[in-house]
Amino acid sequence: MSYIVQVVTGHQSQAEDTEVFISLNGTKGAILHFRLNEKHSLKQHHKHLFQAGHEDAFRIDHDLIGQINVVHVDNRPNTDQDWFLESITVEDSSGTSYQFPCHNWLSANNGDGREARSLLRGPLRGHPLSESVFHQQQPQLHMYKREEESVHDAASAEARLKSWGTPITFQNWSGNITVPSVWAFYPTTVEDIQEIVRMAALAGKKVRTCGATHSWSMLYADEDQVLIDPQYLGPASEQVVLSADKKQVTVMANATILQVKRMQLDEKFNFMFNVLVDSVTYGGIVNTGCHGVGGGCPALCDLVEELQVVDDKGDLVTYSKENDGVEFMKAVSTNLGLFVFVYKMTLNVQPSEYIVESTNEFKSIRSTLNNADNLKVLSEYDYNNFIVENCTLGFSGVTLVNGDILDSIQQHRPQQR
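All of these numbers come straight from a predicted model, not from anything done at the bench. (Residues numbered from 1 in each chain as written. Predicted model: local features only at pLDDT ≥ 70, side-chain atom pairs only at ≥ 80, totals over all residues. Heavy atoms only, no water.)

**Observations regarding the sheet that holds strand 8 (residues 116–120)**
At step 1: Taken in spatial order, the 4 strands of this open sheet run 3-2-5-8, and their pairing is antiparallel. Among the strands making up the open sheet, the edge pair consists of strand 3 (29–36) and strand 8. Put simply, the sheet's adjacent strands are angled 15° from each other on average, direction ignored.
At step 2: In terms of strand pairing, strand 5 (residues 68–75) meets strand 8 through 5 bridges, oriented antiparallel. Each bridged residue has a counterpart across the sheet, and for Val71 the counterpart in strand 8 is Leu119. (Pairing = 2+ DSSP bridges. Helix = DSSP H or I, 4+ residues; strand = E, 2+ residues; numbered from the N terminus. Axes fitted to C-alpha atoms, helices over the stretch in contact; angles between N-to-C directions.)

**Things to note about the pairing of strand 6 (residues 83–92)**
At step 1: With respect to burial, strand 6 is a largely interior element, 8 of its 10 residues being buried.
At step 2: Relative to strand 7 (residues 97–106), strand 6 is paired through 8 bridges, and the arrangement is antiparallel. Opposite Phe84, over in strand 7, you have Trp105 as the bridge partner. (Buried < 20%, exposed > 50% of the residue type's maximum accessible area, 1.4 Å probe, protein only.)

**Focus on the state of the cysteines**
At step 1: Evaluation of the coordinates by the stated rule reveals 0 disulfides.
At step 2: We note that Cys290 lacks a disulfide partner, and the nearest cysteine sulfur, in Cys301, lies 8.2 Å from it.
At step 3: Residue classification places Cys290 among the partly exposed residues on the basis of a relative accessible area of 26%.
At step 4: Residue class for Cys301 comes out buried when judged on its relative accessible area of 10%. (Disulfide = S-S within 2.5 Å.)

**Remarks on helix 3 (residues 257–267)**
At step 1: Along helix 3, the positions that sit buried rather than exposed are Ile257, Leu258, Gln259, Val260, Lys261 and Gln264.
At step 2: In this structure, the buried side of helix 3 is in contact with strand 13 (240–242), strand 14 (248–252), strand 15 (269–270) and helix 4 (282–287).
At step 3: Among the residues trailing helix 3, Lys268 stands out with phi positive, at a value near 60°. (Contact = heavy atoms within 4.5 Å.)

**A look at helix 1 (residues 154–164)**
At step 1: All of the buried residues in helix 1 are Ala157, Arg160, Leu161 and Trp164. Take helix 1 and look down its axis: the buried residues cluster within an arc of 100°, on one side only.
At step 2: At the N-terminal boundary of helix 1, the capping side chain belongs to Asp153, with an oxygen 3.3 Å from the backbone nitrogen of Ala155. (Arc of directions from axis to C-beta. Polar contact = N/O pair within 3.5 Å; in protein donor to acceptor, adjacent residues only side chain to side chain.)

**Brief notes about the packing of aromatic side chains**
At step 1: Evaluation of the coordinates by the stated rule reveals 8 aromatic pairs.
At step 2: Look at Phe50 and Phe58: their rings are 5.7 Å apart centre to centre, the planes differ by 25°, and that puts the pair in the stacked class. Take Phe50 and Phe58: they sit in the same class, and that class is buried.
At step 3: Here Tyr319 and Phe328 contribute two aromatic rings whose centre-to-centre distance is 5.6 Å and whose plane-to-plane angle is 50°, an arrangement assigned as tilted.
At step 4: Taken together through their ring pairs, the aromatic side chains of Phe50, Phe58 and Trp83 make up a single cluster. (Phe/Tyr/Trp six-rings, centres within 6.5 Å; stacked < 30°, edge-to-face > 60°.)

**Examining the pairing of strand 7**
At step 1: With 9 of its 10 residues buried, strand 7 lies for the most part within the structure.
At step 2: Connecting strand 6 to the next strand, strand 7, in antiparallel fashion are 4 residues, including Gly95 with a positive phi near 95°.

Set out below in structure tokens:
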């Protein structure tokens, strides 16, 4: 069996030869983390891949995976490429086509800062391929509402869940955890989430919420569990809301650091401390209590004033320091996924006349450590005018056994400052 993957890059894209990885989730299996590169390209005459306004086609040879429901596409953060993806179309050997619209950035610098997205099947906007067999197929959103026929038993609840959900093979961002056959849901409203949770509770299913990027954690959905992906949760106007006095900001769990950073620059407010990586979400940061740097330095979860959560009954519940106390809120904020879904959180901020902007620049470990000039650049930053944090992201597949690499590191090691 072979699959033809057609990728349409938008005219506004600023990328060229970016590293794109794709995962296809079907009803009978999955193709995980497949790199779309020149080796698999069907258009060898193209000088570069993923140019603005161009279409690229690739061939993937793989066993049958059934009807394809979800495509996960990842512009891996080892480049600083700003890629705008219009759509992906997959055609199998039988000639059946599956369309996955995107119309969005995969970039740390544009859009909402997400470098990876899960695409749901649906018609392509303003594109001739939208006349295919799936012309009438809409993305599977807004499907989790209460129905007139009530459900009171576990078997009926499980049947309804499976009619709503999409079976996928789950793989976390770093690729170190893969779980076959979880039921994925892509809600757009909190009411959707409440109904999913009610059905899961009645069916006796456990529920997990997945984050965005930079995850190596063991907090993940297990086989046959319900997985909620909040990336489509909206509306966008409510994802980040600043109070009139600029002393509190309320964010949805799927809001990224980049989205809030932009509002900080426009509205002149600041956190006492924050996270530098633009693509991660506040839900993932706060709920895991991460990005603290020691017992004497608080983390973002310590700034939480109020939390709205969907509990195990599907009810929307609000906790706050004012009503529940500071110590209770510490436990609630860093809940490690014990709440079914954290919907919104309100954090304390402060107005600030001066805002220092942080930027992300991603370089591959291989190209940096194999290139003396690149190492020299890292060692010659103007530390008097910039605060530079150099860090590596694990699970990169690079092993430091090359003597030339080690010699180069020693020659260009930055002085301690």
